[in-house]
Amino acid sequence: MKSLNTDSSSFSGYELAGPSNTVGRAKSRSIGSDSSTGQRDVLRVVLLFTTVALSCLLVYKSVDKPLQVMLPQWKTSWYSQNQTSLKPIQHTKPVSELERVLMNAAMEDNTVIITALNNAWTAPNSTFDLFLESFQTGLGTERLLKHVIAVCLDSKAYDRCMLVHSHCYLINATDSEELAGKNRFMSPGYLKLIWRRMDLLKEVLSLGYNFLFTDADILWLRDPFPRFFSNADFQISCDDYNGKPSDKSNHVNSGFTYVKANNKTRNFYNYWCDSSKRFPKRHDQDVFNSIKNDPFVTELGITIRFLDTVYFGGFCEPSRDINVVNTMHANCCIGLDNKVKNLKAALEDWKQYLLVNKTVTETKWNIPPRCGY
């Protein structure tokens, strides 16, 4: 057998116990030396731990999603998937009745269709019934009914509206009895009705909703939205159209307006409504014509477009082509009874066109020119 190697180097500084003659050559480490070495080792461990902890803290603070750094790789995908579903608690404030109706009727892009009614217009077999019937017989229009809000100017109109339509809103008005009647064109009651409507539309814009306002004496024959200009802030129909959609000399009719909610249109409607004080006893169309070239309107940078009567026709200038017409307005027609009579005739023309079920080469409307004048 090989002898055991007693080389001191193999024992890390310690020597084997041996005869007394070895005591003079080497001594074991003293207790004091061991104590100081131990303290230094502890200090090294503490410093190392502190350095590592500070490094981890810096990394934790520097990343957007610290838990993803700390989680094992197999868990990070679950964290990513579920992180998106974690939403902060939102404390919603109570909404007004108008906001509630707007939310219920709005399309995905926050657009609503609005019409205004009083008791005379909601009576059975009057304009509102014809208005609703046109949506039901039009092409691609029936689905839009769920986005129509009927703004009622008196309680009787509201009660009748609730019987036949889903979204009705009653304006709280102390003078509702005056607004409830037939209100012939340019009468004091008519002007009140018009400007009450304008105030409501201004409020709708302030709440962030786009709107398509339509008079209730308009027949909806086709979905109008594909016909609108995509880059315009404000679009309005015309009694007479000169063929130029950007020309402010077109004779407008505010009974059909499509408006996108933004700062330009909100400021424009505020200015429009305020300008009624400068031009008393005028309706909204006259005031529009008076302010459309004002420096303030120019500085707003609002994009205005005027709608072609081929697509958005009326009794003033009927559409020349029933194959493409979207709406027919009982403008240039004085008196509610006259409007109802001739709207019925126009709707019957439309129904006959649908029965033919083919493109027609000649369009003829059985309505008198400028009825009631």
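Before reading further, recall that the structure is shown in the block above.
None of these values were measured; they are calculated from a predicted model.

What counts, and where the lines are drawn
- Sequence order as written defines the numbering, with residues in each chain counted from 1.
- The predicted origin of the model limits local features to residues at a pLDDT of at least 70 and limits the giving and counting of side-chain atom pairs to 80 or more, whereas totals for whole chains, interfaces and linings rest on all residues.
- In computing side-chain properties, one takes all heavy atoms of the structure into account and sets aside hydrogens as well as water.
- For each structure, a 1 Å grid was placed over the protein atoms alone; sets of points admitting a 1.4 Å probe that cannot get out are labelled cavities, open sets with protein on both sides within 12 Å along at least five of seven lines are labelled pockets, and lining residues have an atom within 4 Å of a point.
- Grid points are joined across faces, edges and corners, and a volume is the space filled by probe spheres set on the points.
- Helix and strand definitions follow DSSP, with helices as H or I runs of at least four residues and strands as E runs of at least two, each counted in order from the N terminus.
- In the scheme used here, Gly and all other residues not listed as nonpolar or charged are polar, with Ala, Val, Leu, Ile, Met, Phe, Trp, Tyr, Cys and Pro taken as nonpolar and Asp, Glu, Lys and Arg as charged.
- Strand pairing is defined by DSSP finding a minimum of two bridges between the two strands.
- What counts as an axis is a line fitted to C-alpha atoms, over the stretch in contact for a helix, and the angles between N-to-C directions run from 0 to 180 degrees.
- Throughout, exposure labels follow a simple rule: accessible area from a 1.4 Å probe, protein chains only, divided by the maximum for the residue type, with under 20% read as buried, over 50% as exposed, and the rest as partly exposed.

> Explain the layout of surface pockets to me, using residue names and the numbers behind them.
Here the second largest pocket is characterised by a volume of approximately 180 Å³. Residue assignment for the lining of the second largest pocket shows that the elements contributing at least two residues are helix H9 (188–206) and helix H10 (263–274). Looking at the lining of the second largest pocket residue by residue, the classes come out as 5 nonpolar, 1 polar and 6 charged.

> Got a sec to walk through the sheet that holds strand S4 (residues 210–214)? Specific residues and values, please.
Pairing is mixed across the open sheet formed by 7 strands, whose spatial order is S3-S2-S1-S4-S7-S6-S8. Unpaired on one side and paired on the other, strand S3 (168–170) and strand S8 (304–306) mark the two borders of the sheet. The sheet shows a mean angle of 30° between the axes of neighbouring strands, taken without regard to direction. As paired strands, strand S6 (residues 234–240) and S8 are joined by 3 bridges and run parallel to one another.

> Hey, could you go over unusual backbone geometry for me, with residue numbers and the actual values?
The backbone of asparagine 110 sits at a positive phi, close to 65°, despite the residue not being glycine. Here asparagine 110 is to be found in the loop between helix H4 (97–105) and strand S1 (111–117). Notably, asparagine 357 is not glycine yet its phi reads approximately 60°, a positive angle. Of the residues examined, asparagine 357 reaches a relative accessible area of 67% and is grouped as exposed.

> Quick rundown of the pairing of strand S7 (residues 251–259)? Include the residues and the values.
For S7, a buried count of 8 out of 9 residues is recorded, marking the element as mostly surrounded by other parts of the structure. With 4 bridges connecting them, S4 and S7 associate as antiparallel partners. Looking at S7, one finds that phenylalanine 211 is bridged to valine 259. Where S6 lies against S7, 6 bridges are found, and the strand directions are antiparallel. Each residue of the ladder has a partner; that of isoleucine 236, found in S7, is threonine 257.

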